[in-house]
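Spelled out, the chains give:
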Amino acid sequence: MALTKAEMAERLFDDLGLNKREAKEMVEGFYEEIRNSLASNQQVKLSGFGNFDLRDKKQRPGRNPKTGEEIPICARRVVTFRPGQKLKARVEAYAGSE
Amino acid sequence: MTKSELIERLAARQTQLSLKDVELVVKNLLEHMAQSLAQGERIEIRGFGSFSLHYRAPRVGRNPKTGQSVKLEGKYVPHFKPGKELRDRVNESITAD
């Protein structure tokens with residue numbers, strides 16, 4: 001079981017009384033605005049939750065693991081998530097069964 | 001972009017909800033996500049990415065001030081794996097600037 005957009009919209013309906021369409025659009029918009037910001041090379045800081053940062057990676061030599069052939073891995077930009085103190089503290093306490 | 005800027009941008013996308021309402025929406029979404037992770041439940045958002053927990057094994061650490069060693073318990077840390085759409089859009093932006 002995993003949390004999905006549908007459940008998040010359902011919660012907005014239950015807790016805040018948004019109608020189903022508004023709730024769906026808000027959840028959709030929430031992730032879209034974060035993507036838009038990151039796609040324009042702007043980090044996203046959500047206090048209490050965490051930061052989405054951007055890192056530019058240089059080109060580096062790679063290898064096709066199947067054939068052993070050398071192929072360069074191109075320079076690229078990646079997203080990293082740094083959880084905030086509050087989220088880290090809440091998650092740390094989880095005594096999982098794994 | 002900060003949380004309050006996200007709230008403003010989200011409010012500007014529509015006409016039904018006030019800025020105050022949208023603020024409650026964003027807080028509700030983040031709280032729901034944090035709650036879910038705190039209970040050990042993953043989050044899966046297609047096109048954005050997934051959040052899960054990674055286990056960190058117990059280890060012996062050191063107090064950097066005193067140099068004394070301290071036993072650290074095993075713990076869980078949040079982990080985010082970007083989804084394909086986010087990965088691609090972010091990577092394409094490297095050629096745009």
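Above this text you will find the structure in question.
Here's a quick rundown of the structure.

Here is what the cut-offs are and how they apply
Residues numbered from 1 in each chain as written. Chains lettered and ligands numbered in written order. Predicted model: local features only at pLDDT ≥ 70, side-chain atom pairs only at ≥ 80, totals over all residues. Heavy atoms only, no water. Contact = heavy atoms within 4.5 Å. Buried area = accessible area lost by both parts, 1.4 Å probe. Salt bridge = Lys/Arg side-chain N within 4 Å of Asp/Glu carboxyl O. Helix = DSSP H or I, 4+ residues; strand = E, 2+ residues; numbered from the N terminus. Patch = residues over 30% accessible without salt bridge, like charges linked within 9 Å, V, L, I, M, F, W, Y side chains within 5 Å. Areas by Shrake-Rupley, 256 points an atom, 1.4 Å probe, with all protein chains shown as cover. Lys, Arg positive; Asp, Glu negative; His and termini not counted. Charge placed at Lys NZ, Arg CZ, Asp CG, Glu CD. Buried < 20%, exposed > 50% of the residue type's maximum accessible area, 1.4 Å probe, protein only. Phe/Tyr/Trp six-rings, centres within 6.5 Å; stacked < 30°, edge-to-face > 60°. Pairing = 2+ DSSP bridges. Axes fitted to C-alpha atoms, helices over the stretch in contact; angles between N-to-C directions.

## Considerations on the interface of chain B and chain A
- With 51 residues of chain B in contact, the opposing surface of chain A contributes 53 residues.
- Summing both partners gives a buried area of about 5100 Å² for chain B against chain A, and 67% of it is carried by carbon and sulfur.
- Looking at the side of chain B facing chain A, the largest losses of area belong to M1, H32 and Y76 of chain B, adding up to 14% of the total buried there.
- Inspection of the region where chain B meets chain A yields four salt bridges.

## Some points on unusual backbone geometry
- The backbone of N41 of chain A shows a phi angle near 65°, a positive value even though the residue is not glycine.
- Positionally, N41 of chain A belongs in the loop between α2 (20-39) and β2 (44-46).

## What to know about a positive patch on the surface
- Residues R55, K57, R60, R82 and K88 of chain A together with R56, R59 and K75 of chain B make up a contiguous surface patch of positive charge.
- As for its position among the elements, K88 of chain A is in helix α3 (residues 85-92).

## Focus on the environment of N41 of chain A
- Among the residues examined, N41 of chain A registers a relative accessible area of 32% and is labelled partly exposed.
- Remark: the alpha-carbon pair of N41 of chain A and R77 of chain A, spanning 36 residues in sequence, is separated by 9.1 Å.

## Topic: the packing of aromatic side chains
- All told, the structure shown has 14 aromatic pairs over all chains when counted by the stated rule.
- Ring centres of F52 of chain A and F81 of chain A lie 4.9 Å apart, and the angle between their planes is 40°; on these two criteria the pair is classed as tilted. Separated by 29 residues along the polypeptide, F52 of chain A in strand β3 (residues 50-57) and F81 of chain A in strand β6 (residues 76-83) bring together distant segments of the chain.
- Both rings, one in Y94 of chain A and one in Y76 of chain B, keep their centres 5.3 Å apart while their planes meet at 65°; by these two values the pair is edge-to-face.

## Focus on the sheet that holds β3 of chain A
Residue and element names in this part refer to chain A.
- The strand order β2-β3-β6 describes an open sheet built from three strands, whose pairing is antiparallel. Edge strands, defined here as strands with exactly one partner in the open sheet, are β2 and β6. Adjacent strand axes in the sheet meet at a mean angle of 25°, parallel and antiparallel pairs treated alike.
- Relative to β6, β3 runs antiparallel, the two sharing eight bridges. From the neighbouring strand, F52 faces β6, where its bridge partner is F81.
- Across the face of the sheet, α2 comes into contact with β2, β3 and β6 while running at roughly 140° to β2.

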